[in-house]
Amino acid sequence: MAKIVFSNLPMKKELHAFRYVADGQASMQYEGEVIFPVNSVLAKSLKKGEKVKVVLLSKDDPEANSKTNEKIFRAELDRINESVGAEITYVNIMTPFVETRSVHEEILRAVIGEIEEKAEIIADVTYGPKTLPMIMLMALNFAERYFGCRICNVVYGKVNFVDDGSGTGKTKPINPVLYDLAPLCYLNSVINLLECKTPGDALKALDILLKM
């Protein structure tokens, strides 16, 4: 079974490495520090000899920070993989940093083009423009419904920003926490399958789903 990883790349220069605390999932807890939250999950789940395709979503930003951050991502994951021995290949989907319908459709089609039947999928939506998580949700639903894929994790690394004490107004990130948003994907899939005659029936069905 193939393993496919999707990760949005940041467009900023300043990056920070953290030891993320996994919220409620011991299987995601990695004791090392990482810049890219998904690498915490991969550090715990990669297996020797398994084939892993990492698809990086980047933007053509003015200072080419995405290209630099791709190199940093690869170096970080390759370092983690040194003690594992998985067979990792990389794909970069780069698109202009404009939020037009044509670009959104280009990204969606490119992401779906990297999906394989019955694959295990891990996604990271921590970084990138706000539209990318929406596009990724659509792609993951498509993958689950039509390719028979299993959505293992949808990773989000959260931090708080506080004053750094320098008196300049600059902030520093603290309290890194790793969340898995995969349940939201499954909830969205189920909601799309509901057949209710009235808004009231739909609300009752939703309340039942949320209590499960």
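Residues numbered from 1 in each chain as written. Predicted model: local features only at pLDDT ≥ 70, side-chain atom pairs only at ≥ 80, totals over all residues. Heavy atoms only, no water.

What follows concerns helix α5 (residues 182–193). Taking 1.5 Å of rise per residue, the twelve residues of α5 would be expected to cover 16 Å, and the 17 Å separating its terminal C-alpha atoms lies within 8% of that figure. Three or more residues of α5 are buried, namely Ala182, Cys185 and Ser189. The buried residues of α5 occupy an angular sector of 60° when the element is viewed end-on, so they sit on one face. The exposed set on the far side of α5, more than 90 degrees from its buried face, consists of Pro183 and Leu184. Lining the buried residues of α5 we find α4 (131–146), β6 (150–163) and β7 (171–180). (Helix = DSSP H or I, 4+ residues; strand = E, 2+ residues; numbered from the N terminus. Expected span 1.5 Å × (residues − 1). Buried < 20%, exposed > 50% of the residue type's maximum accessible area, 1.4 Å probe, protein only. Arc of directions from axis to C-beta. Contact = heavy atoms within 4.5 Å.)

Ranked by internal contacts, the top residues of the largest apolar core, which has 30 residues, are Leu46, Val54, Phe73, Leu77, Ile88 and Ile122. Discounting chain neighbours no more than four positions away, the residues touching Val54 are Val5, Phe73, Leu77, Ile88, Thr89, Tyr90 and Val91. With 25 residues, the next largest nonpolar core counts Val55, Ile93, Ala119 and Val125 among its residues. (Core = buried A, V, L, I, M, F, W, Y, C linked by side-chain atoms within 4.5 Å.)

Let us now look at the side chain of Lys3. Mapped onto the fold, Lys3 is located in strand β1 (residues 3–8). Of note is the side chain of Lys3, whose polar atom sits 3.2 Å from the side chain of Glu50. Once residues lying within four places of it in the same chain are set aside, the contact partners of Lys3 are Ser45, Leu46, Glu50, Lys51, Val52, Lys53, Glu120 and Ile122. (Polar contact = N/O pair within 3.5 Å; in protein donor to acceptor, adjacent residues only side chain to side chain.)

Before going further, it helps to examine helix α1 (residues 38–45). With six of eight residues buried, α1 lies mostly within the body of the structure. Considered for burial, the residues of α1 that qualify are Val38, Asn39, Ser40, Val41, Leu42 and Ser45.

With that out of the way, let us pick up the packing of α5 against helix α6 (residues 199–211). Axis angle and axis distance: for two packed helices, these are the angle between their axes and the distance between the axes, and together they describe the pair. The geometry of α5 relative to α6 is characterised by a closest axis approach of 11 Å and an angle of 155° between their N-to-C directions. In terms of their interaxial angle, α5 and α6 are classed as roughly antiparallel. Where α5 crosses over α6, the handedness of that crossing is right-handed. In this structure, α5 uses Leu187, Val190 and Ile191 to contact α6, whose residues at the interface are Leu206, Leu209 and Leu210. Of the residues that constitute the contact of α5 with α6, the class distribution is six nonpolar, no polar and no charged. (Axes fitted to C-alpha atoms, helices over the stretch in contact; angles between N-to-C directions. Parallel < 35°, antiparallel > 145°, perpendicular 65-115°, else oblique. Left-handed = near helix turned anticlockwise from the far one by under 90°. Nonpolar A, V, L, I, M, F, W, Y, C, P; charged D, E, K, R; others polar.)

Moving on to the packing of helix α3 (residues 101–113) against α4. Direction vectors running N to C along α3 and α4 enclose 40°, while the axes themselves pass 10 Å from each other. Classified by the angle their axes make, α3 and α4 are oblique. For the pair α3 and α4, the crossing hand works out as right-handed. From α3, His104, Ile107, Leu108, Val111 and Ile112 reach across to α4, where they touch Thr131, Leu132, Ile135, Met136, Met138, Ala139 and Phe142. For the contact of α3 with α4, the residue count by class is ten nonpolar, two polar and no charged.

For Lys67, the position within the fold is in helix α2 (residues 65–81). Residue classification places Lys67 among the partly exposed residues on the basis of a relative accessible area of 46%.

The next subject is the side chain of Glu76. Tracing the sequence through the fold places Glu76 in helix α2. Of the side chains with opposite charge, Arg79 comes closest to the buried, unpaired Glu76, at an N-O distance of 4.5 Å. Polar side-chain contacts of Glu76 include one of 3.2 Å to the backbone nitrogen of Phe36. Ignoring anything within four residues of it in the chain, the contact list for Glu76 reads Val34, Ile35, Phe36 and Asn39. (Lys, Arg positive; Asp, Glu negative; His and termini not counted. Salt bridge = Lys/Arg side-chain N within 4 Å of Asp/Glu carboxyl O.)

Time to look at the packing of aromatic side chains. With the rule as written, the count across this model stands at five aromatic pairs. Centre to centre, the rings of Phe36 and Tyr127 are 6.0 Å apart; their planes meet at 80°, and the pair counts as edge-to-face. Placement of the pair is Phe36 in the loop between β2 (21–22) and α1 and Tyr127 in the loop between β5 (120–124) and α4, with a sequence separation of 91 residues. Taking relative accessible area as the criterion, Phe36 reaches 0% and is therefore assigned buried. Tyr127 gets classed as buried once you look at its relative accessible area, which sits at 13%. Clustering of aromatic rings is evident, with ring pairs tying together Phe36, Phe73 and Tyr127. (Phe/Tyr/Trp six-rings, centres within 6.5 Å; stacked < 30°, edge-to-face > 60°.)

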